[in-house]
Amino acid sequence: MSTTFLLIRHAAHDRVGSTLCGRMPGVTLGEEGRRQSAALAARLEREGIAALHTSPMERARETAAPVAARLGIEARVNEGVMEIDFGAWTGRSFASLDGDPDWARWNEERATARTPGGESMAEAQSRALAELERLRARHAGETVAVVTHGDVIKAVLAHHLGLRLNGIHRFEIAPASISAVAAWDGGGKVMGMNETVPA
Ligand SMILES: O=C(O)[C@@H](CO)OP(=O)(O)O
C-alpha cells in the first residue's frame, strides 16, 4: 500500500531569490506569501490529508498554519524536513556569493560539493528520505502533506526520478508549489511537480 506525500515549498518571503536564508531565524512570510498560503489551504482541502508536517523554520510554519486551521489538523514540527544547513553561507546574499569558487562548485557539482561547515546535498537528501520513510511506515494508504524547502524537495524528487543531484537545476520548485510522490516499500514515483495555486 502506498503513501502519497504532498511536498510543499514554503510561501514567498521578501528575501526569496536575493538571500540564501538557510536556517537563519526571523525569515517570515510577506503579504504575497500570506495570500499564497491561504490559497494553498483552500487547494489542499479536497486532498484528504491525514497528517501535516512542517520544517521548523518560521516561513514553513507560517505556510502550514492556515492549512492546519482550514483542515482542522495539527501542523507537526519535524526536524527531518528542516532546511539544508548552509554553514557559513547562511544569510549571505546571492550577489555576495557570486565569484566564490566553492559556491560555483556547489551549483555545478551538487552531487559532491559541500557547504562550508554545513550539510552536503547528499546528507540533506538522506535525512529527508529517511524521515519520509518513517512517515510512510505510519501512514500506509494515506496522504501526508509536508511543508519544507526548495532544495529539500528537489533532493527527494531527484531520488525518485533517478536523477543525480547535479541535475537539480533542470526543474523548478517555486514558493508555495505542490509536488507529489507516491511511495511504497522499496520504491516510489513522482506524481506531480511544481503545481502552483493562483493566490
Ligand atoms: O534558498 C533556496 O533556494 C532554498 C534552498 O532550499 O531555500 P528555501 O526553499 O527555504 O527558499
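Whatever comes next refers back to the structure up there.
So, here is what we can say about the structure in this document. (Residues numbered from 1 in each chain as written. Predicted model: local features only at pLDDT ≥ 70, side-chain atom pairs only at ≥ 80, totals over all residues.)

## Overview of the nonpolar core
Ala145, Val146 and Val156 are the most contacted members of the largest nonpolar core, which has 44 residues in total. Listed by contribution, the elements that provide at least two residues to this core are strand S1 (3-9), helix H1 (31-44), helix H2 (58-71), helix H5 (121-138), strand S4 (143-148), helix H6 (150-161) and strand S5 (178-184). A per-element tally of this core places H6 first, with six residues. Beyond its immediate chain neighbours, meaning those up to four positions away, Ala145 contacts Leu6, Ile8, Leu44, Ile49, Leu52 and Val67. (Core = buried A, V, L, I, M, F, W, Y, C linked by C-beta atoms within 7 Å. Buried ≥ 20, exposed ≤ 12 C-beta atoms within 10 Å, placed from the backbone. Helix = DSSP H or I, 4+ residues; strand = E, 2+ residues; numbered from the N terminus. Contact = placed C-beta atoms within 7 Å.)

## Some points on the site of the ligand
Near the ligand the following residues occur: Arg9, His10, Val16, Leu20, Cys21, Glu83, Ile84, His149, Gly150, Asp151 and Val152. Per-element tally for the shell around the ligand: the top contributor is H6, with three residues. Residue composition of the shell around the ligand, by class: five nonpolar, three polar and three charged. (Near = placed C-beta within 6 Å. Nonpolar A, V, L, I, M, F, W, Y, C, P; charged D, E, K, R; others polar.)

## Considerations on the packing of H1 against H2
In contact at an axis separation of 8 Å, H1 and H2 are set at 40 degrees when each is read in the N-to-C sense. By the angle between their axes, H1 is oblique relative to H2. Helix-helix and strand crossings are classified by hand; for H1 and H2 the assignment is right-handed. In contact with Ser37, Ala38, Leu40, Ala41, Ala42 and Leu44 of H1, H2 contributes Glu62, Thr63, Pro66, Val67, Arg70 and Leu71. Class assignment of the residues belonging to the contact of H1 with H2 gives a composition of eight nonpolar, two polar and two charged. (Axes fitted to C-alpha atoms, helices over the stretch in contact; angles between N-to-C directions. Parallel < 35°, antiparallel > 145°, perpendicular 65-115°, else oblique. Left-handed = near helix turned anticlockwise from the far one by under 90°.)

The values are spatial; any link to function lies outside them.
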